[in-house]
Every structure is written in C-alpha cells, then in structure tokens.
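Given next are the chains, with one letter for each unit.
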Amino acid sequence: MTMLKDTPSPFDVLLVEDELADARLVGFAIRQSGIACTLHHVTDGHEALAFLKREAGRYDGVPQPDLILLDLNMPRMNGGEFLAAVKAQENLASIPVVVLTTSAVERDVEHAYRLHASGYITKPVDMDEFTTAMRHLLEYWRMLTRLPKKE
Amino acid sequence: MPDALTPITLIPHGYCISWQPELVAAFVIGNLLIALAYFTIPLVILRFIRQRRDIDFQHLHWLFAGFIITCGITHLLHVVELWYPVYYLEAWMDIATALVSIIAAFMLWRILPVLVSLPSSKQLIEANQELLKIGAELRDRETQLRSLGDSLPDSFLYQYTLEGDIPKFLYISSGVERINAVKAESVMLDAMLLLAQIDSRQLDEYAAGQALSLRESSDFDMALHMRRPDGEWRWLQVRSRPRKKDSGQVIWDGIATDITDRHLFETEINRLAQAVEQNPAGVLITDVNGSLEYMNAACTRISGYSFAEAYAKNRTPRELISSEMSDADYGAVQTQLQAGRTWNGILRNRRKDGSLYWEQVSVSPLFDNEGKVASYLYLRLDVTEQKNAENELRLRSTALERASADLTRFADVSAHHLMEPTRRLTSYAQQLRARVDHLPDAMRDEELRTSLNYIEQDAARLRGMVRDVQLYLAAGTPRAELRMEDANAVLEALRPRLSAQLQAGKVELEVGILPEVMLDRPRLTDMFAALLDNALRHGAPPDPDVTARIRISGEHEEGLSRFRIRDNGRGIPPEYLERVFEIFERLNVTGSDGGTGIGLSIARRIVESRHGRIWIENDPDGGAMVVFEVPDSV
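Residues numbered from 1 in each chain as written. Chains lettered and ligands numbered in written order. Predicted model: local features only at pLDDT ≥ 70, side-chain atom pairs only at ≥ 80, totals over all residues. Heavy atoms only, no water.

Caption draft 1: The arrangement of the overall build of chain B in detail. In terms of regular secondary structure, chain B is built from 19 helices and 17 strands. Overall, the C-alpha framework of chain B stretches about 230 × 60 × 50 Å when taken along its three principal axes. Buried residues in chain B amount to 35% of all 634 residues. In chain B, the share of contacts with a sequence separation of at least 24, taken over all contacts with a separation of at least 6, comes to 56%. (Helix = DSSP H or I, 4+ residues; strand = E, 2+ residues; numbered from the N terminus. Buried < 20%, exposed > 50% of the residue type's maximum accessible area, 1.4 Å probe, protein only. Contact = heavy atoms within 4.5 Å.)

Here it is in structure tokens:
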C-alpha cells in the first residue's frame, strides 16, 4: 500500500490500479487539482477487497474509503470481478465506485454500469484535462458523501 | 395261192351249198356288208377317242378296234372261202380274233367302274347349273371383298403387276383416297400418281426391294414415307405377296396400312427411351417390393454395377442405394414412399470397387392408371465433387473466418494495449515539459527541449494511429439496428459539429435531397463525417479567391442508394485514385494537415461491410468526387 497524503482530510479515496505509472499520474492530477484528500493505493482487486474487509489486521486504523477509483484491466482479480464482489457485500455496497480506465469500448462501459458503477471516466491523455477531470470528480463525490445521511 | 393255205384235200365252201346262186349271193353280200361295217366302226371309235381326250380308256379302244377289224377280216375270208378253201387261214384268223376279243372282254370288265362313273348328260346339266351358282357366289364374294377392302379404316388393298418395268395397278381399294389423297381410278390409270409420293430418299431401297421380290418370289415389306399432294407426310406399312401366273405374268397382292400415328408414337416412345437410357442422371426403377426392374447406363457409371450384375444378384435398392443408411432411416424412407410422397436425400454410398462416393437420390412412386403405386423411380446424381468442393469451401471459409477473427481480436487487443503506454507517454512528456518550463532560465538546455518536442510529437502521432486503428476496426460492424436511415436527417444532425470547420475555411455546403440508405445511423454519421472531413482537408480550390464548395447529392435506384460528395478543389492525380482508400495512406496534395488519412479507409470499410462500393473520381468540372453505393439487401 502506498499512501499519498497531502493534508489531513476526512476525505479518503482508494485507488485500485496495477500500473504504478498510472497510479502516479492519478496522484499528480489529484495534487494539482488542489482537492484535499487521502489517497490509498492497492494494485489489484484481491488487495482492494482485503483493504475493505480489513483482512489479517493489515489495514487496522485506516478508515474505509469515501470513494473508490477502479481500473478495469488488472491481473488476479480484474475490475469487473472486484466491482461485483463489492456490490455483493451489504456493508460495502454503498461505497461509490468510479471506473477509471483507458478503454472507451462501449461494451466495457455498459458492463461497468450494469455492475452498479457510480461513474466511468476514460483517462484523458492531456494532463490538464486529467487534472480538471479529477477536480470535478472529487468535488462532486466529496460533496455527496458529506451530505447528511438519511436515517 | 400258197399250198399251205389251200390244201388239195379241202373243197371250197361253194360246193357245200351246191353253188346255189341265191345262197352264194346272200353269203357274198351279207359278209361284204358286215366287213365294210366292221372296218368303219374303228374309224368312228378313233375319232371319238381323239375328240374326248378327257376320258382315259386305258388303250381299250385299240383292243376294240383290233377285235372288230379281225372280225371284219374273218367275214371277208368267208366270202373268199366260197371259191377257195382257205380254212387254215380262217382258223388262224379266228384264233387271233378270239385272243383279241378275250383280252378286250377282260379289259372291259376291268374298266366297267370307270364307264359306269361317266356322268350322264342329266348329271352334266345339273353340274353345269351348280357351276353357275358357284360363279354367282364367287362374284358375290368378290363384291363383298371389295367393299371390305374399301371400308378398311386405315388401309387399302391393291393388286398390281409390271408392264415392262412400269407398275400397273389391277385393283386398288378406295382407302387410298383417304390415306394418300389420290383417286383410286386415277391410280389405276397411272400408278406413278401414287408412287411419286414416296420420299426420294427411300427410292433406291424401294426399287431394290421390288426387284428382290420379283427375283426371289418373296414378300415385299417396307415402311414408306409418303408426301401427299396437299403436302402432308404419311407413313405407310406396305406388304405385297407375288404370285406367278401360267402365262409368266407376276401379280402382287397386298395391303398398305397408314402407320403415321403409330410411327410418331413409336418415334416419341423411342426418343423418351433414349432420353432415359442416355440421361446423365442415374435412373432406376423397382417394383413395389423393391426388386430391380430397370437401370440406365448412368447408374452403372455411378455405382460400378451393370444391370445384369445388379439383377443377377438380385441386389435391392436397399443395398444399391443406401449401403450406409441405418435400418431405421431406410424404414422412414419406405414409409414416406408408401404414403405416395417423394423422398430426397444425399447419401454416401460404396461403389462396386469399394470406393466411397456421395450421391443425391430422389425416390418417387410411379402410379398406374388406377392410381395405385406400381413401381418406384430412383433418380441418382453423383455429387461427390460438389460435396468435396463444398467441404473444401466450408473448411476454407471456416479457416478464413477464424483467421479474420484472430486478426480482428489481435488488432483490437493490441490497439487497446498500445493505447495505455501511448497515453502515459504523452502524459509524462507533458509532466516533464511542465517541470522544464519551471526551471530557471540558467538551467534551460536547448537539447533537452528539442528531445522533449520530438517525444511529444511522436507520442501524439502514435496516439492518433492507435485511435484510428480502433475506429477502423469498429467500422466493420453495425453499432445500431440496420435499417433504412434518412441521410438528410443524419446530415442535418452533423451540420452543427462541422460548422466551425466550415466557417473557418469559408466553405459552402450544399446538400441536395438525399435518399434513404440501409445503414445503421452511427456508421452513416461516421461515413458523412469522414467524407466531409476529407473534402474539407483536401478540397480547397487552388485559387484562394474562389469560394470552396462541397456539394452532396444522391439517388436511390434499382435496389441501391448512391451518394456523391463533390468538392471544387484541385482533384487528385490518377495514380492516387485507389491508394487514397488504403489505411494510413495520406497523400500530401494540399500541404500539411493533421490527419492520419484514416477517414477514407473507414468509409470504405463501412461500405464494403455492407457489400457496397466506394470510389473516387475527378469531376470533369474540376475537383474530386467520392461516390458510394450501398445496396438495400442485407
């Protein structure tokens, strides 16, 4: 697990991404966006599930994420399988998952939404665009998660 | 007088009667008259015999004449004896007369039955009357025969002879008028009226047959093809039998029968038989029990079995036709046939030599006049070659499909996988650029900047190419329902997206009334976007003062939609007409531009996936014109 912590914030983001280069770019984009958040990074679906389920005490003390950014093409457990597993767990199903991937194939988009993804973003090539996209995304979800929950 | 005849011891007979003159006179006259009468009678007999040659008297008449003459001589001797005593001579004469008389009497006894049987004149009269009656009956019969001859429906009777070499009809019945359309009387007068009707090609054969019949006294029999005066052709079966009269004259009696209908029928039957026998398809007929009745030459060619082999071995069609068929399937075939329906199938079969072949078999019941199934007709075609070709084709097309699918999948996957590093390359180059830009001026290195420029430039090019490949691959399959889409609506929807480009280049876009086209809407949009993009990029007029103009027109005819996208630019060199549609082929005809040249390739892939055509030509008025056609049929 890599922790990219800028400023202490109550907004926790879990990035599930096997490519370190991409994970780093996401880190750049978030930092440049100026949105305060804590980014947790795991490299595949298995690891992500372990993170969420607090398996073997490895993630004790780390808060559950407010938002999950998910890559689709990953070894071991891919994005789709992970998404299905998360949505099948009652206590985890409410965490919004935004798919963040290179693929713009309609089939993949449809598949992601059918598995109850909360959003789908094709990784922009241009860094400025990427930064803007990340800013809007994080602002939106931070606002949503901070709304008072209905009892 | 010799002494032996007149011995001295004897005395003449005149002395016995004392030469009484009246007695001597009576003796002389009586005996002379008797002798005269006796010598006359044989003459009468001989004359009678000569005139009635029909009666055979078995030489009795000679005996009669002989004994009468000897009697006559005896009576003459009686006269001589009055004066000369020739009694020895008379005695010898009496013995001779007795001998002749005895033989005659004996012969007469023998011939008595013949004499009794000689008809009496009454009998002869009766016989004559009988004869007249028979004659009348004969005439009656002849009349009857002639009327019979006249009333034969499809035949006529005739009788002819040869006068010199020329035939002469002695009789011909009136049927000749119906069959040959010539009058019987006229033919009687001139036989050539009839004989001239014979087909000239048969004349040699006819003459030879006639000559043979005359020479060998054999029957003449021939089918004659004859052309009537009205032009109608008839076939006549002619049979004549010659007979020779005592006079040496030869007469033929005969009958001619019109066999035109039969001949045509036989010709037709023969033709049908040949058609079946020589048919390239195997024809086989069995009875209702499946026993072989007929098979043509093609069957032998197909299966290797001759009819004799198949028949002798009593091979049923079960063995001949369906050696590899299961009993259950064969039963199903039988059931279908018994229900009066045709059965079709393609079977693998084994030839006599053991080799395998494919045949297409059609079995249908043949019905008799009462509508009952009388036999089964099998039509067989060797389809081994087609079957092999079909298999070959199927294998090849499967292999081709697999190769094509593999290729698409490979391209798809590699494009996708290439995209990720391409994207990161671009992103990191930008990131690097940002850092370099923030460096203090003192640390700026020109070499670093140039290298970075090249990295950025190639990253961008790589990105564009990978994206184009993805778009190109996606162009091969519909992205929405395939139906008749309104091209006008698609262009209207496309116009806002293009307006910036149109305004920037000051390009006029003229759209005519466009037809509908059988293409899914997303790809139809892609088509026009690609073609308009191409026109905008390459279609600028050489003279900057001339307004660039893009015109789109189209029509629907004969089951396909056709569109034309015309610009008024400089057109394209002929050697590029085909190359412009190749993937990544960009022609640098209008100077630099940013595209990778994938647009026309995508357009071609879309059109060809719908079995349409696309081409580019130079408009006679200047400028290039892209034309594409898409058929309605899916």
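Once the structure has been displayed, the description carries forward.
Caption draft 2: Region of interest: the sheet that holds strand β6 (residues 282-287) of chain B. All names here are of chain B. The five strands are arranged β7-β6-β10-β9-β8 in an open sheet whose pairing can be described as antiparallel. For this open sheet the edge positions go to β7 (292-295) and β8 (343-350), each flanked by a neighbour on one side alone. For this sheet, the mean inter-axis angle between neighbouring strands, taken without regard to orientation, is 25°. Bridge analysis of strand β9 (residues 356-367) against strand β10 (residues 373-382) gives nine bridges, and the strand direction is antiparallel. The residue bridging V361 from the neighbouring strand is R380, located in β10. (Pairing = 2+ DSSP bridges. Axes fitted to C-alpha atoms, helices over the stretch in contact; angles between N-to-C directions.)

Caption draft 3: Broad picture of the side chain of D520(B). All names here are of chain B. Here D520 shows up in the loop between β13 (516-518) and α18 (521-538). Polar side-chain contacts of D520 include one of 2.9 Å to the backbone nitrogen of R479. Within the local environment of D520, its side chain forms a polar contact with the side chain of R523, the two groups lying 2.9 Å apart. Discounting chain neighbours no more than four positions away, the residues touching D520 are P478, R479, A480, E481, L482 and E485. (Polar contact = N/O pair within 3.5 Å; in protein donor to acceptor, adjacent residues only side chain to side chain.)

Caption draft 4: A look at the packing of helix α1 (residues 20-33) of chain A against helix α5 (residues 127-146) of chain A. Residues and elements named next belong to chain A. Viewed as axis vectors pointing N to C, α1 and α5 meet at an angle of 70°, and their least axial separation amounts to 8 Å. The orientation of α1 with respect to α5, classified from their angle, is roughly perpendicular. Crossing of α1 over α5 shows right-handed handedness. Residues L25, V26, F28, A29, I30, Q32 and S33 of α1 touch α5, and the partners they reach there are M127, F130, T131, M134, R135 and L138. The residue inventory of the contact of α1 with α5, partitioned by class, reads nine nonpolar, three polar and one charged. (Parallel < 35°, antiparallel > 145°, perpendicular 65-115°, else oblique. Left-handed = near helix turned anticlockwise from the far one by under 90°. Nonpolar A, V, L, I, M, F, W, Y, C, P; charged D, E, K, R; others polar.)

Caption draft 5: Structural view of the pairing of strand β4 (residues 233-244) of chain B. Residue and element names in this part refer to chain B. In this structure, strand β3 (residues 220-227) lies alongside β4, joined through eight bridges in antiparallel fashion. Residue pairing for β4: R227 is matched across the bridge by W233. Linking β3 back to β4 in an antiparallel pair, the connection comprises five residues, with G231 at a positive phi of about 95°. Where β4 and strand β5 (residues 250-258) come together, nine bridges link them in antiparallel fashion. Across the sheet, residue L236 finds its bridge partner in β5, namely D258. The hairpin turn running from β4 into β5, its antiparallel successor, is five residues long, and G248 in that turn takes a positive phi close to 95°.

Caption draft 6: Highlighting the interface of chain B and chain A. With twelve residues of chain B at the contact, the number on the chain A side is 17 residues. Summing both sides of the interface, chain B and chain A together bury roughly 1,400 Å²; the carbon and sulfur share of this comes to 52%. Three residues, R423(B), Y428(B) and Q431(B), lead the burial of chain B against chain A; their summed loss comes to 41% of the area buried on that side. At the boundary of chain B with chain A, the tally comes to four residue pairs in polar contact (both at pLDDT 80 or more). Of the residues that constitute the side of chain B that touches chain A, the class distribution is two nonpolar, five polar and five charged. (Buried area = accessible area lost by both parts, 1.4 Å probe.)

Caption draft 7: A look at the domain arrangement of chain B. Domain assignment breaks chain B into domain 1 (13-117), domain 2 (152-265), domain 3 (284-382), domain 4 (399-470) and domain 5 (478-631). In this structure, domain 4 of chain B and domain 5 of chain B have C-alpha centres spaced 29 Å apart. (Domains from an automatic or database assignment.)

Caption draft 8: Seen up close, the sheet that holds strand β14 (residues 548-557) of chain B. Residues and elements named next belong to chain B. Taken in spatial order, the five strands of this open sheet run β12-β14-β15-β17-β16, and their pairing is mixed. Every interior strand has two partners, whereas the edge strands, β12 (507-511) and β16 (613-618), have only one. Between one strand axis and the next, the sheet turns by 15° as a mean value, whatever way the strands run. By the bridge criterion, six bridges tie β16 to strand β17 (residues 624-631) in an arrangement that is antiparallel.

Caption draft 9: Spotlight on the side chain of E629(B). All names here are of chain B. Tracing the backbone through its elements, the reader meets E629 in strand β17. Given the relative accessible area of 10%, E629 is considered buried. For E629, the side chain forms a polar contact with the side chain of R562, separated by 2.7 Å. Contact partners of E629, with chain neighbours within four places excluded, come to L560, S561, R562, V607, G612, R613 and W615.

Caption draft 10: Local environment of the pattern of salt bridges. Residue and element names in this part refer to chain B. Enumeration over the complete set of coordinates arrives at 45 salt bridges over all chains. A salt bridge links R228 to E232; the shortest N-O distance between them is 4.0 Å. Notably, a salt bridge pairs E359 with R380, separated by 2.9 Å at the nearest N-O pair. With E359 in strand β9 and R380 in strand β10, this pair connects stretches of sequence that are 21 residues apart. Each member of the pair E359 and R380 is classed as buried. (Salt bridge = Lys/Arg side-chain N within 4 Å of Asp/Glu carboxyl O.)

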